Amino acid sequence: MRSHQQNITNDGGLAITADMRSILGKPGFISSQMGGNQLRQMFQMASVMLDPRKLSPLAQACMMGHSLDAVKEILSRADAPDIKGSETPFQLGHKCLPPCNPEHLRIVEYLVQFGAPLDLPDIAGHTALHHAFSLFFALQGGDAELTDLLMEHGANMDIQDANGDSPRKMYIIFGAEVTATIRKWERRQAGEATAPCEARKRCESCATEQSGLRQCARCHTVRYCSVECQRAHWPTHRPNCRAFSPSTTVTLKPQFYDNTAAFSTADFVQGHLGLSRSGKSAERPGTQVPSSGNRRMIVKIQVPVSSTIGLLIYNRNTDPEAYDTVAQIVRSKGVGGKNGHKAYFAAELRGKDELVVKVSEVLAEQPF
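All of the points below concern the structure found in this document. Bear in mind that the values here come from a model prediction, so they are computed numbers and not experimental data.

Some thoughts on the packing of helix α7 (residues 144-152) against helix α9 (residues 176-189)
Here comes step 1: It is the contact of α7 with α9, at a shortest axis distance of 9 Å, that shows an interaxial angle of 15 degrees. Of the possible angle classes, the one that applies to α7 and α9 is roughly parallel. α9 is crossed by α7, and the crossing has right-handed handedness. Facing α7, whose interface residues are Ala144, Thr147, Asp148, Met151 and Glu152, α9 presents Glu177, Val178, Thr181, Ile182, Lys184, Trp185 and Gln189.
Here comes step 2: For the contact of α7 with α9, a count of residues per class yields 5 nonpolar, 3 polar and 4 charged.

Examining the environment of Ser67
Here comes step 1: Relative to the elements of secondary structure, Ser67 occurs in the loop between α3 (57-63) and α4 (68-75).
Here comes step 2: Linking Ser67 and Ile107, residues 40 residues apart in sequence, is a C-alpha distance of 8.2 Å.
Here comes step 3: With near-sequence residues (within four places) excluded, Ser67 lies in contact with Glu103 and Ile107.

Quick notes on the pattern of salt bridges
Here comes step 1: Under the criterion given, the structure shown has 14 salt bridges.
Here comes step 2: Here Arg187 makes a salt bridge to Glu365, at a shortest N to O gap of 2.9 Å. On the criterion of sequence distance, the pair formed by Arg187 in helix α9 and Glu365 in the segment after β13 (354-363) is long-range, its members being 178 residues apart. For the pair shown, Arg187 and Glu365 are each scored as buried.
Here comes step 3: In this structure, the salt-bridge partner of Arg350 is Glu348, at a minimum N-O distance of 2.7 Å.

Quick word on the nonpolar core
Here comes step 1: In this structure, Leu39, Phe90 and Leu150 are the most contacted members of the largest nonpolar core, which totals 37 residues.
Here comes step 2: Of all the secondary structure elements, the ones that give two or more residues to this core are α1 (18-24), α2 (36-47), α3, α5 (104-114), α6 (128-133), α7 and α9.
Here comes step 3: Apart from the residues lying within four places of it in its own chain, the contact partners of Leu39 are Met20, Ile23, Leu24, Ile30 and Ala124.

As for the packing of aromatic side chains
Here comes step 1: Counted under the stated rule, the structure contains 3 aromatic pairs.
Here comes step 2: Aromatic side chains Tyr344 and Phe368 sit 5.5 Å apart centroid to centroid with 85 degrees between the ring planes, which places their arrangement in the edge-to-face category. One end of the pair, Tyr344, is in strand β12 (residues 340-351); the other, Phe368, is in the segment after β13, and 24 residues separate them in sequence.
Here comes step 3: Look at Phe368 and you get buried, because its relative accessible area is 10%.
Here comes step 4: Between the NZ or CZ atom of Arg188 and the centre of the ring of Trp185, over which it lies, the distance is 4.7 Å.

Some points on unusual backbone geometry
Here comes step 1: In this model, Cys197 sits at a positive phi of 65 degrees, which is unusual for a non-glycine residue.
Here comes step 2: Within the chain, Ala207 stands out as a residue other than glycine whose phi angle is a positive 70 degrees.
Here comes step 3: Structurally, Ala207 is set in the loop between α9 and β3 (214-215).

Concerning helix α10 (residues 227-237)
Here comes step 1: Where α10 is concerned, the buried positions are Cys229, His233 and His237. For α10, the angular spread of the buried residues around the axis is 65 degrees, confining them to a single face. Within α10, the exposed residues directed more than 90 degrees away from the buried face are Glu228, Arg231, Ala232 and Pro235.
Here comes step 2: If you follow the buried residues of α10, they end up packed against β4 (223-224).

About the cut-offs
All residue numbers here refer to positions counted from 1 along the written sequence of the relevant chain. pLDDT decides what is reported in this predicted model: residues at 70 or higher carry local features, side-chain atom pairs at 80 or more are listed and counted, and totals for whole chains, interfaces and linings draw on all residues regardless. Side-chain descriptors were evaluated using all non-hydrogen atoms of the structure, hydrogens and water having been removed beforehand. Here, axes are lines fitted to C-alpha atoms. For helices the fit covers the stretch in contact, and angles between N-to-C directions go from 0 to 180 degrees. The helix and strand labels rest on DSSP assignments: H or I over at least four residues marks a helix, E over at least two residues marks a strand, and numbering proceeds from the N terminus. For classification, angles of less than 35 degrees are called roughly parallel, those exceeding 145 degrees roughly antiparallel, those between 65 and 115 degrees roughly perpendicular, and all remaining angles oblique. Rotating anticlockwise by less than a right angle from the far helix to the near helix defines a left-handed crossing, while the corresponding clockwise rotation defines a right-handed one. Residues are treated as being in contact if the distance between any of their heavy atoms lies within 4.5 Å. Polarity classes work like this: nonpolar for Ala, Val, Leu, Ile, Met, Phe, Trp, Tyr, Cys and Pro, charged for Asp, Glu, Lys and Arg, and polar for all others, with Gly in that last group. By salt bridge we mean one thing: a side-chain nitrogen of Lys or Arg within 4 Å of a carboxyl oxygen of Asp or Glu. Burial classes: relative accessible area under 20% of the type maximum marks a residue as buried, over 50% as exposed, and values in between as partly exposed (1.4 Å probe, protein chains only). Residues belong to a common nonpolar core when they are buried Ala, Val, Leu, Ile, Met, Phe, Trp, Tyr or Cys residues joined through side-chain atoms within 4.5 Å. To pair, rings of Phe, Tyr and Trp, with the six-membered ring standing in for Trp, must have centres within 6.5 Å; the planes then decide the type, stacked if under 30 degrees apart, edge-to-face if over 60, and tilted in the middle. By definition, being over a ring means that NZ of Lys or CZ of Arg is both within 6 Å of the ring centre and within 35 degrees of the ring normal. An arc is given here, and it is the one of the directions from the helix axis to the C-beta atoms.

Below is the structure:
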């Protein structure tokens, strides 16, 4: 059990049950066999009872529909609360409170700049980063924007909770948006170059961010806001521009199935861990035969654990097909874990029987 300065009077209507206390009192990290998943479920169920009226004015301002100016005013008072402390018996830092506030990101950024500790653990060892993309609170989880903000300010991905799980160990199971965000920061921290298509709405030349950017017709991996930007950037891009050709691509024959549905592995795993998001189904729309015409796209290719299951290919509309030609590339260059591997590629759908995948270049993880 973790301990730090805590305001007990602002309990938020939460209480540690005897069962929770029994699990938390076990020495060392708490495995699933010792009740780790059960603790997560109890944590989430108890969070439904969080009553903002029983929190401090600062916590209310952070959580509810108050403006950033209201937070600043509270912190400017002579009797301002300790921003490095926590509230409720769960020992929640102010950045860990489930957001019901349109200015939540701005408020969290201000709290960090004001001195709020990034990695303050709650009673079960969860930091703000755990809360950002996990589902320890019923209204929280899978927040890629908050994850991005915390990573930008140096949040530690290797802090383990009471169950021995760190954000670095867990992020892969919390969906494509969180995975894309974390992988971006892992590359930056390792000093690696930006991966192709890391910022799909940013001009490669002038860095303008907008939708409807022009794509390089040869490689399909860089985008520009104008012909002028594309021409200006060509001397830089030319050495890395690899066209679609027999040496860089694999041609697959998609199989389309009527009346079928795909399922999110992330949602299934979250459910097993007791972190299911209320009202969210793991079922996704199935495949549809495409209309005629040559379509450029980014596809996600996923290799399941079982060799008896076909390779799954998704585009941004989550249309799956089956094939296994590129499985080795996905396993060697993609991201993954015990539930399989996945990687993203530029592709052209040239007809319902011809999907050309550019396997010579693995793209940055995408938010789908």
